[in-house]
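# Structural characterization, general
Take a look at the letters that make up each chain.
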Amino acid sequence: MTATVETIKTPTPPELTGDLMSTGQRLRLVLVLGSLIAIGPLTIDMYLPALPAITTDLHTTSAAVQLTLTGTLAGLALGQLLIGPLSDAVGRRKPLLAGIGVHVVASVLCVVAPDIGTVGALRVLQGLGVAASAVVATAVVRDLFSGAAFAKLFSRLMLVMGVAPILAPTLGSGLLRWSDWRGVFVALAVFGVLLVTVAAFGLRETLPPERRRRGGVTATLRDYGTLLRDRTFVGLVLVTGLAMAALFAYVAGSSFVFQQRYGLDEQQFGLAFGAGAVGLITATQLNVRLLRRYSPQRILVTALGVGTAAGAALLAVAATGFGGLAAILATLWVVLAAAGLAMPNAPALALSRHGEAAGTAAALLGAVQFGVGALAAPLVGVLGTGSVAMATVVAGGMVTALAVLLVVVRPARLAEVEPAAVAVAAH
């Protein structure tokens, strides 16, 4: 654990201190890092309007197509566990450029993929590639800034993470007006090439050799073992992952429910999907104000309670057909808003327990988030891809998250969270 503490607390050399950056330099940094952050949501969500078309074109099943989403999430989960420690050991630029390169190659191969099995394998590679972008962007901010400056810059990047999922299906829908589903992967490949260029020329190395972590695989495994022995930390990580599972059940099932069950076209689906994402983003911004009056523990319990009730209502509406599409959208909006309140606070509580291993803890947290999401996505397909299937997994994720919080974590026993940790996660 000593090596990790030294890595995090060693002062940044003056030439790499973010506080010395001009306003223009900070703006350029935000644009570069924002672009890196955006490729993840775009890769996950941009092809969602095309899922029914892929099912038809490749003569496969909806469950098999949804497994391609699972592959992306699994790649993201595994990639964060691998690339996080790797970037601490060899620096930020090499893993970043290699990861984006893998993403570009996988995207190009998706364009010519002959069957759904090949697409699924390539989506895993895409996930591994974009994991590098997510990990390195966060690490670069940590390298250059601390305290309030870190929270301010990170909040801007979180806004990109919120907006990108809204725009992604809409962009995908627009591409499908003049291209088939393969055109989406052409666009992702082109974006990847642009990112490689921007990162190569616009992002310098922020982790000098003297600050790089030593100890290899043994030290990394020891750090992960310490985290996994903390029952409260594990419980909070699971709560975050289960809330994410509800979100990805919506992501995986919404295109089939809205387009096949309720007859929306690809463009209308993009708008409906975006409306749900607005609820998620609105809640994350509201969370900042709520934290001025309430503890993150209280917000988390309340959010999961509301989300569980809304999930039950969603399941009832889906099963009975009462209220039609409007009722589905309304109950989904409340569930997503509840997830938007839960997902910032659970990580804040978890990460505040292990400040000496913040990087490793964040990597584990991200891996569980996307790993549990990867399990939720195909479950919707196994249950039938209809509105009841989607609602069952969404409600199940919220119910289980609340149960883990109350039984495993026990919010009343949580210590107060450091204000800096709450500020970072809340934004």
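Computed from a predicted model, the values in this text were never measured in an experiment.

### Let's talk about the overall build of the protein chain
Scanning the protein chain for helices and strands turns up 16 helices and 0 strands. Residues classed as buried in the protein chain amount to 57% of the 427 residues present. Within the protein chain, residue pairs in contact and separated by at least 24 positions form 86% of the contacts whose partners lie at least 6 positions apart. By element, 69% of the accessible surface of the protein chain is carried by carbon and sulfur atoms, the whole surface being about 17000 Å².

### Quick word on the environment of P347
Of note, P347 is situated in helix 13 (residues 324–351). What makes P347 buried here is its relative accessible area of 8%. Not counting chain neighbours up to four residues away, the residues in contact with P347 comprise T240, A342 and L365.

### Digging into the packing of aromatic side chains
Two numbers describe a pair of aromatic rings. These are the distance of the centres and the angle of the planes. Summed over the entire model, instances satisfying the criterion amount to 5 aromatic pairs. Centre to centre, the rings of Y47 and F185 are 6.0 Å apart; their planes meet at 65 degrees, and the pair counts as edge-to-face. On the criterion of sequence distance, the pair formed by Y47 in the loop between helix 2 (23–45) and helix 3 (51–57) and F185 in helix 8 (residues 182–202) is long-range, its members being 138 residues apart. An identical accessibility class is assigned to Y47 and F185; each is buried. Ring geometry for W181 against F185: centres 6.1 Å apart, planes inclined by 90 degrees, an arrangement best described as edge-to-face. Of the residues examined, F185 reaches a relative accessible area of 0% and is grouped as buried. Taken together, the aromatic side chains of Y250, F258, F269 and F273 make up a single cluster linked through ring pairs. Geometry around Y47 places R123 over its ring, the cationic atom sitting 3.9 Å from the centre. Over the ring of Y262 we find R261, and its NZ or CZ is 4.7 Å from the ring centre.

### Focus: the packing of helix 5 (residues 93–111) against helix 6 (residues 116–144)
Following both chains from N to C, one finds helix 5 and helix 6 inclined at 150 degrees, their axes separated by 8 Å at the closest point. The pairing of helix 5 with helix 6 is recorded here as roughly antiparallel in orientation. In the crossing of helix 5 with helix 6, the sense of the turn from one axis to the other is left-handed. Facing P95, L96, G99, I100, V102, H103, A106, S107, L109 and C110 of helix 5, the residues of helix 6 in contact are L122, L125, Q126, G129, V130, A132, S133 and V136. Residues belonging to the contact of helix 5 with helix 6 are distributed by class as follows: 12 nonpolar, 6 polar and no charged.

### Observations regarding the pattern of salt bridges
Evaluated as defined, the whole model comprises 1 salt bridge. One salt bridge connects D57 with R182, and the closest N-O pair in it is separated by 3.9 Å. Here the residue D57 occupies a position in helix 3, and R182 occupies one in helix 8, the gap between them amounting to 125 residues.

### Quick notes on the environment of A252
Its place among the elements puts A252 in helix 10 (residues 231–261). With a relative accessible area of 0%, A252 lands in the buried category. Considering only alpha carbons, one finds A252 and A377, 125 residues apart in sequence, at a separation of 5.3 Å. Not counting the four nearest positions on each side in its chain, A252 is found in contact with L51, Q66, L69 and A377.

### Here we look at a nonpolar patch on the surface
Taken together, the side chains of V278, V306, W333 and V334 define a hydrophobic patch exposed on the protein surface, amounting to about 300 Å² of accessible area. Relative to the helices and strands, W333 resides in helix 13. Take W333: its relative accessible area is 37%, and that puts it in the partly exposed class.

### Some points on helix 10
Helix length check: helix 10 (31 residues) gives 42 Å between terminal C-alpha atoms against 45 Å at 1.5 Å per residue, within 8%. The element helix 10 is extensively covered by neighbouring structure, given that 26 of its 31 residues are classed as buried. A side-chain oxygen of the first residue of helix 10 lies 3.1 Å from the backbone nitrogen of T232; this N-cap is D230. One or two residues past the end of helix 10 sits G263, with phi positive at roughly 75 degrees.

### Considerations on the nonpolar core
If you look at the biggest cluster of nonpolar residues, it comprises 124 residues, and the most contacted ones within it are L33, L36, I54, Y250, F258, L300 and L304. Top contributing element to this core by residue count: helix 10, with 18 residues. With residues up to four places along the chain from it excluded, the contact list for L300 reads L236, V239, A342, N345, A346, L349 and L405.

### A few points about the confidence of the model for the protein chain
Summarising the model, the protein chain shows a mean pLDDT of 82, and 86% of its residues fall at 70 or more. This stretch, residues 1–16, has a pLDDT under 50; its non-local contacts, to residues over four places away or in other chains, come to 34 contacts. When the criterion is pLDDT under 50, residues 416–427 qualifies, and its contacts beyond four places in sequence or with other chains add up to 27 contacts.

Calculation notes
- Residues numbered from 1 in each chain as written.
- Predicted model: local features only at pLDDT ≥ 70, side-chain atom pairs only at ≥ 80, totals over all residues.
- Heavy atoms only, no water.
- Helix = DSSP H or I, 4+ residues; strand = E, 2+ residues; numbered from the N terminus.
- Buried < 20%, exposed > 50% of the residue type's maximum accessible area, 1.4 Å probe, protein only.
- Contact = heavy atoms within 4.5 Å.
- Areas by Shrake-Rupley, 256 points an atom, 1.4 Å probe, with all protein chains shown as cover.
- Phe/Tyr/Trp six-rings, centres within 6.5 Å; stacked < 30°, edge-to-face > 60°.
- Lys NZ or Arg CZ within 6 Å of the ring centre and 35° of its normal.
- Axes fitted to C-alpha atoms, helices over the stretch in contact; angles between N-to-C directions.
- Parallel < 35°, antiparallel > 145°, perpendicular 65-115°, else oblique.
- Left-handed = near helix turned anticlockwise from the far one by under 90°.
- Nonpolar A, V, L, I, M, F, W, Y, C, P; charged D, E, K, R; others polar.
- Salt bridge = Lys/Arg side-chain N within 4 Å of Asp/Glu carboxyl O.
- Patch = residues over 30% accessible without salt bridge, like charges linked within 9 Å, V, L, I, M, F, W, Y side chains within 5 Å.
- Expected span 1.5 Å × (residues − 1).
- Polar contact = N/O pair within 3.5 Å; in protein donor to acceptor, adjacent residues only side chain to side chain.
- Core = buried A, V, L, I, M, F, W, Y, C linked by side-chain atoms within 4.5 Å.
- pLDDT = per-residue confidence, 0-100.

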